[in-house]
There are 4 protein chains.
Amino acid sequence: MFSCQTKVKLHHTDAAGVIFFANQFTMIHDAYEMILDDIGSSFSEMLNDKDFFLPIVHAESDYLAPVTVGDILTITIKVGNIGTTSFSFEYTLVNQNKLLVGKAQTVHVTIDKKTKTKIKLPDEMRQALEKYIEN
Amino acid sequence: MFSCQTKVKLHHTDAAGVIFFANQFTMIHDAYEMILDDIGSSFSEMLNDKDFFLPIVHAESDYLAPVTVGDILTITIKVGNIGTTSFSFEYTLVNQNKLLVGKAQTVHVTIDKKTKTKIKLPDEMRQALEKYIEN
Amino acid sequence: MFSCQTKVKLHHTDAAGVIFFANQFTMIHDAYEMILDDIGSSFSEMLNDKDFFLPIVHAESDYLAPVTVGDILTITIKVGNIGTTSFSFEYTLVNQNKLLVGKAQTVHVTIDKKTKTKIKLPDEMRQALEKYIEN
Amino acid sequence: MFSCQTKVKLHHTDAAGVIFFANQFTMIHDAYEMILDDIGSSFSEMLNDKDFFLPIVHAESDYLAPVTVGDILTITIKVGNIGTTSFSFEYTLVNQNKLLVGKAQTVHVTIDKKTKTKIKLPDEMRQALEKYIEN
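Small disclaimer: the values here were computed from a predicted structure and weren't measured.

A. How the structure looks around the relation of the copies chain D and chain C. Once turned by 180° and shifted 0.0 Å along the axis, chain D lies on chain C with an RMSD of 0.0 Å. Expressed as an axis order, the relation between the two copies is that of a two-fold axis. Proximity to the rotation axis, assessed at the C-alpha, singles out D:Glu60 in chain D; its C-alpha lies 2.0 Å from the axis. Most of the interface of chain D is mirrored in chain C: 100% of its interface residues are interface residues there too.

Here you go:
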C-alpha cells in the first residue's frame, strides 16, 4: 500500500463549509500522481514520454464524514484489481482523528496514444502495480 | 427529465488535452444547481434558508468518450430512486455530435442542519423530485 | 464592448461563504472564451488550428463586494490597449443588483506556437479586437 | 521570508499543456495558508475563531515562464507593506531549475466579521507579519 498526507486547503471547500465533493476526486488524483513517483515513473513522464496513457474510465467516491479546511488527510492507495487492459485503484481517506472520512475508486484503462485504442497493460506497469495489491 | 447545456471551458481541461475527470463531477453539480431553480427552489435558498441540507454521500462517473474545450454538452438529469431519507440523481452527458460521452450518479441524504443527523426527506422536496422520475 | 452573464455556482465558493478569489479569474477567462466565439473564432480553434497562441502574461483582479452562490454576474469586456505583440482585456463584474462587485485585467502576448517566441499580433486578430475598444 | 515547496499536479494544468493562469493564484493561496501555520495561527482558526477576517481585495500575477505538471515550485512570501487596516503579500515562484516562473501579490484588508466593516489590523497579526518584511 502507498500512503501520503495532504492538508485540506480553502480552495477545496465550498460555501457549505466542507470540501466540495468533486475535490475529493482531485485529492485522490494528486495521490495517484504521487504513487507514480513512488513506482519510479512520474505522471509527467507518462504524459510526455510513454507510448501509452491510463485514462480514468470510471471513478466513484463515498463521503462518510465532513472534511474541512485545515484537516490533515492520510490518503492510502491499494491496487484493487488488475485485468488485461485495465486496473483499479482503491483509496481511503482518514483524518487527523483517525476517522475514515472517505473512500474512492478509479478504474484506468490502457490506451495506445497514437491509435487511441485499448491495448494490453505494459508488463513494467503491471509488475509495478502488483506491489500495491493487498493480500 | 431536466436538461441543460454547457460549453466546456479551458479550465475544465488538463494537460492531457481533455477534461480533468473531477470536472465531470463539477459540471453535473452545476446541472444539479440548475434543476433546483427548475423546481422553484434554488441552491442558494437551500444553503441559507432551509432547515435541511442534501449533502452528497456517494458519487460516480463513467467516462465514455473524450471531451475537450469547446464541446457543447447536454446534461440530462433524472431522479433514479427516492428513499425515506435519501434519493439519487442520474446524469447523462451527450456532446454536440449526439455522442454519449459520460454518465454519472449522485446520492444525496437529507440532513437536519442543526442536529447534523439524517432526517426524512421533506414532502415538498419529495413531490418536486417525483416529477423527474423516468417512467 | 462584449457582455455575458453567468450564475455563480457552489464550486466557485469557499468555506468563507463567498467566491474563492482565484475563481474570479476563472470566470473572466470563461468570458474571454465567449468573446472569441463572438469574434467568429473560438478558443478551441486557437488552441488547435492557429499558428499563434495568446498566453496571459499578467492578470489582476479587484474585489469590491462579496459574491456568493446564486448571484448573477454580468461580465463586460473591453479591449484596453493593443500593442505590437500584446493587448489587454479589461473586465467588470456587476451583480443582479447592479452593484459593481469586481474588476479585472488580463494582458496577453502573441507567441508563435513552433518557436515559442513573441511575434506580431496577427492583423485578423488586431482588427477583431479593435471593435471592442471603448471610445 | 517564508518558503514552501509544491509539486504541480495535473489538475493545475489545462489543454494548452501548462498551468491554467488562475491556478497560480490557487497555489499562492495555499502558500498563504501555510504561512499562517508558520505564524502560529492557522487559516482554520482565522475562519472559525477570530473576530476578524482578512479578505483579498486585490490580487495580481505575472507569468514569466511556462509551468507544467511535475514541476517543483518554491514559493517564497514576503510582506510587502503594512498599513493601518491592510497589508500585502508578495510572492515569487521559482522552479526546480532555479528559474523565476512567476510573481504575484495579494492585498488583504481587515474586516470585522460581525459588522463586515474595515477595522484596524490587530496588533498580534501586525507583529507576526512584521517578521516577514524584507529589509
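B. Structural context of the relation of the copies chain B and chain A. Rotating chain B by 180° about the axis while translating it 0.0 Å along that axis superimposes it on chain A, leaving an RMSD of 0.0 Å. When the interface residues of chain B are mapped onto chain A, 100% of them again lie at the interface, so the same face is used by both copies.

C. Main features of the side chain of A:Gln24. Residue and element names in this part refer to chain A. Positionally, Gln 24 belongs in helix H1 (residues 21–39). Residue class for Gln 24 comes out buried when judged on its relative accessible area of 1%. In terms of polar contacts, Gln 24 uses its side chain to reach the side chain of Ser 61, at 3.3 Å. A distance of 3.3 Å separates a polar side-chain atom of Gln 24 from the backbone oxygen of Lys 103.

D. The confidence of the model for chain A, seen in detail. When pLDDT is averaged along chain A, the result is 96, and 99% of the positions lie at 70 or above. We note a pTM of 0.97 for the whole complex and an ipTM of 0.96 for its interfaces.

E. Region of the structure containing the packing of helix H1 (residues 21–39) of chain C against helix H1 (residues 21–39) of chain D. For the pair H1(C) and H1(D), the least separation of the axes is 8 Å and the interaxial angle reads 180°. For the element pair H1(C) / H1(D), the angle class is roughly antiparallel. In this structure, H1(C) uses C:Phe21, C:Ala22, C:Phe25, C:Thr26 and C:His29 to contact H1(D), whose residues at the interface are D:Phe21, D:Ala22, D:Phe25, D:Thr26 and D:His29.

F. Here's a closer look at the interface of chain D and chain C. In this assembly, 19 residues from chain D lie in contact with 19 residues from chain C. Buried area between chain D and chain C, summed over both chains or domains, comes out near 1600 Å², and the portion from carbon and sulfur atoms is 71%. Where chain D touches chain C, the interface holds zero salt bridges. Among the elements that line the side of chain D that touches chain C, the one with the most residues is strand S3 (residues 56–63) of chain D, at eight residues. Of the residues that constitute the side of chain D that touches chain C, the class distribution is twelve nonpolar, five polar and two charged. Bridging between strand S3 (residues 56–63) of chain C and S3(D) involves five bridges; their strand directions are antiparallel. Looking at S3(D), one finds that C:Asp62 is bridged to D:His58.

G. Fine view of the pattern of salt bridges. Here the structure, examined in full by the defined rule, presents 14 salt bridges over all chains. A salt bridge links B:Lys50 to B:Glu124, with the nearest nitrogen and oxygen atoms 3.3 Å apart. On the criterion of sequence distance, the pair formed by B:Lys50 in the loop between helix H2 (43–48) and strand S2 (52–53) and B:Glu124 in helix H3 (residues 123–130) is long-range, its members being 74 residues apart. The class of B:Glu124 is partly exposed, set by a relative accessible area of 48%. The closest approach of N and O atoms between C:Asp123 and C:Lys120, which form a salt bridge, is 3.6 Å.

H. Layout of the environment of B:Glu124. Sequence-wise, B:Glu124 and B:Gly40 are 84 residues apart; in three dimensions their C-alpha atoms are separated by 11 Å. Polar contacts involving the side chain of B:Glu124 include one to the side chain of B:Lys50, which spans 3.3 Å.

I. Here's a closer look at the sheet that holds strand S4 (residues 72–82) of chain D. Taken in spatial order, the ten strands line up as S1(C)-S4(C)-S5(C)-S6(C)-S3(C)-S3(D)-S6(D)-S5(D)-S4(D)-S1(D) in an open sheet, and their pairing is antiparallel. Of all strands in the sheet, those bounded by a partner on one side alone are strand S1 (2–7) of chain C together with strand S1 (2–7) of chain D. Each strand axis lies, on average, 20° off the axis of its neighbour in the sheet, ignoring direction. By the bridge criterion, eight bridges tie strand S4 (residues 72–82) of chain C to strand S5 (residues 86–94) of chain C in an arrangement that is antiparallel. For C:Thr74, the partnering residue across the bridge sits in S5(C) and is C:Val94. Packing against the sheet, helix H3 (residues 123–130) of chain D makes contact with S4 and strand S5 (86–94) of chain D, and its axis sits at approximately 125° to S4(D).

J. Seen up close, the pairing of S5(C). Residue and element names in this part refer to chain C. Between S4 and S5, which follow one another and run antiparallel, lie three residues. Pairing between S5 and strand S6 (residues 100–109): nine bridges, direction antiparallel. Across the sheet, the residue bridging to Ser 88 is Val 107, located in S6. Linkage of S5 to S6, two consecutive antiparallel strands, is achieved through a turn of five residues, within which Lys 98 is found at a positive phi near 65°.

Definitions and cut-offs
Every chain is numbered on its own, with residues counted from 1 as its sequence reads. Chains carry letters from A onward and ligands carry numbers from 1 onward, assigned in written order. Confidence filtering applies because this is a predicted model: local features only for residues at pLDDT of at least 70, side-chain atom pairs given and counted only at 80 or more, and all residues used for totals across whole chains, interfaces and linings. Derived side-chain values reflect all non-hydrogen atoms in the structure, with water molecules and hydrogen atoms excluded from consideration. Copies overlap after least-squares fitting; the atoms used are the C-alpha atoms of residues with pLDDT of at least 70 in both. We call two residues contacting when some pair of their heavy atoms lies within 4.5 Å. Segments assigned H or I by DSSP are reported as helices when at least four residues long, segments assigned E as strands when at least two residues long, and all are numbered from the N terminus. Per-residue accessibility, obtained with a 1.4 Å probe over protein chains only, is compared with the maximum for each type, and a residue is labelled buried under 20%, exposed over 50%, and partly exposed between these values. Whenever a nitrogen or oxygen atom comes within 3.5 Å of another N or O atom, the pair is scored as a polar contact, on the condition that within protein one atom can donate a hydrogen and the other can accept it, and that pairs from neighbouring residues in sequence are kept only if both atoms are in side chains. The predictor reports its confidence for every residue as pLDDT, a score running from 0 up to 100. To obtain each axis, a line is fitted to C-alpha atoms, and for helices this fit is confined to the stretch in contact; angles are then taken between N-to-C directions over 0 to 180 degrees. Oblique is the label for every angle not falling under 35 degrees (roughly parallel), over 145 degrees (roughly antiparallel), or within 65 to 115 degrees (roughly perpendicular). What counts as buried area is the accessible surface, traced by a 1.4 Å probe, that two parts surrender upon association, with contributions from both included. What makes a salt bridge here is a side-chain nitrogen of Lys or Arg within 4 Å of a carboxyl oxygen of Asp or Glu, nothing more. In this classification, Asp, Glu, Lys and Arg are treated as charged, Ala, Val, Leu, Ile, Met, Phe, Trp, Tyr, Cys and Pro as nonpolar, and every other residue, Gly included, as polar. Strand pairing follows a simple DSSP-based rule, namely that at least 2 bridges must link the two strands.

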